[in-house]
Amino acid sequence: QVQLVESGGGLVQAGGSLRLSCAASGRTFSRYAMGWFRQAPGKEREFVASMSRGGDTTDYEDSVKGRFTISRDNAKNTVYLQMNSLKLEDTAVYYCAALVGIWATRSLYDYNYWGQGTQVTVSS
């Protein structure tokens, strides 16, 4: 089992940047594919980005391509989401999630473990 704790959220102006971190407990972090999801008020949780267990494959939702970058440091049991050129519509609670397996997916139902989320608010 793994516990996930997100950090790095906050209030930022449109066009600014934030880097989210997700720290995992335990010594099995390298066994998990990782994903980032977000949920805006009144909306369903949606896929943002994912990375395979080995870190060699990434996937991004179309609206964040070219602006967001997912990365992982297995030695630090941490996955990151670098968010640049933030837009008002990026405002949401961001969650990291771990999937037991090699490949990540876009479906939140495939993920086994979730963090509590970190709020990202983009202002004009």
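Above this text sits the structure in question.
A short tour of the structure in this document, coming up. (Residues numbered from 1 in each chain as written. Predicted model: local features only at pLDDT ≥ 70, side-chain atom pairs only at ≥ 80, totals over all residues. Heavy atoms only, no water.)

A closer look at the nonpolar core
- Judged by nonpolar contacts, the single largest core of 28 residues is most densely connected at Trp 36, Leu 81, Met 83 and Tyr 94.
- At the level of elements, β3 (18-24), β4 (32-39), β5 (46-51), β7 (68-73), β8 (78-83), β9 (92-100) and β11 (118-123) are the ones that each hand at least two residues to this core.
- Of all hydrophobic cores here, the second largest spans 6 residues; its members include Ala 33, Phe 47, Leu 99 and Tyr 111. (Core = buried A, V, L, I, M, F, W, Y, C linked by side-chain atoms within 4.5 Å. Buried < 20%, exposed > 50% of the residue type's maximum accessible area, 1.4 Å probe, protein only. Helix = DSSP H or I, 4+ residues; strand = E, 2+ residues; numbered from the N terminus.)

With respect to the sheet that holds β3
- Within the open sheet, the 4 strands sit side by side as β1-β3-β8-β7. Their pairing is antiparallel. In this open sheet, the two strands that pair with only one neighbour each are β1 (4-7) and β7. Taken over all neighbouring pairs, the strand axes of this sheet differ in orientation by 15 degrees on average, direction set aside.
- As defined by bridge partners, β1 adjoins β3 across 4 bridges and the pair is classed as antiparallel. Each residue of the ladder has a partner; that of Glu 6, found in β3, is Cys 22. (Pairing = 2+ DSSP bridges. Axes fitted to C-alpha atoms, helices over the stretch in contact; angles between N-to-C directions.)

Notes on the pairing of β4
- Counted residue by residue, β4 has 7 buried out of 8 residues, so it is predominantly covered.
- By the bridge criterion, 8 bridges tie β4 to β9 in an arrangement that is antiparallel. Along β9, the bridge assignment pairs Ala 33 with Leu 99.
- For β4 and β5, the ladder comprises 5 bridges, and the chain directions are antiparallel. Across the sheet, residue Trp 36 finds its bridge partner in β5, namely Ala 49.
- Counting the residues between successive antiparallel strands, the hairpin from β4 to β5 contains 6 residues, one of them, Gly 42, with a positive phi of roughly 75 degrees.

Details of the pairing of β5
- Summarising burial for β5: 5 of the 6 residues are buried, a large majority.
- The pairing of β5 with strand β6 (residues 58-60) spans 3 bridges and is antiparallel. For Ser 50, the partnering residue across the bridge sits in β6 and is Asp 59.
- Here β5 folds back onto β6 in antiparallel fashion, the turn holding 6 residues, of which Gly 55 has a positive phi close to 80 degrees.

Observations regarding the packing of aromatic side chains
- Within the structure shown, the criterion is met by 6 aromatic pairs.
- Here the aromatic rings of Phe 37 and Phe 47 are separated by 5.8 Å at their centres, their planes lie at 75 degrees, and the arrangement is edge-to-face. Placement of the pair is Phe 37 in strand β4 and Phe 47 in strand β5, with a sequence separation of 10 residues.
- With relative accessibility at 0%, the residue Phe 37 sits in the buried group.
- Under the relative-accessibility criterion, Phe 47 is labelled buried at 7%.
- Through successive ring pairs, a cluster of aromatic residues spans Phe 37, Phe 47, Tyr 95, Tyr 111 and Trp 114.
- Note that Arg 45 overlies the ring of Tyr 95, its terminal NZ or CZ placed 3.6 Å from the centroid.
- If you follow Arg 72 out to its NZ or CZ, it ends over the ring of Phe 29, 4.5 Å from the centre. (Phe/Tyr/Trp six-rings, centres within 6.5 Å; stacked < 30°, edge-to-face > 60°. Lys NZ or Arg CZ within 6 Å of the ring centre and 35° of its normal.)

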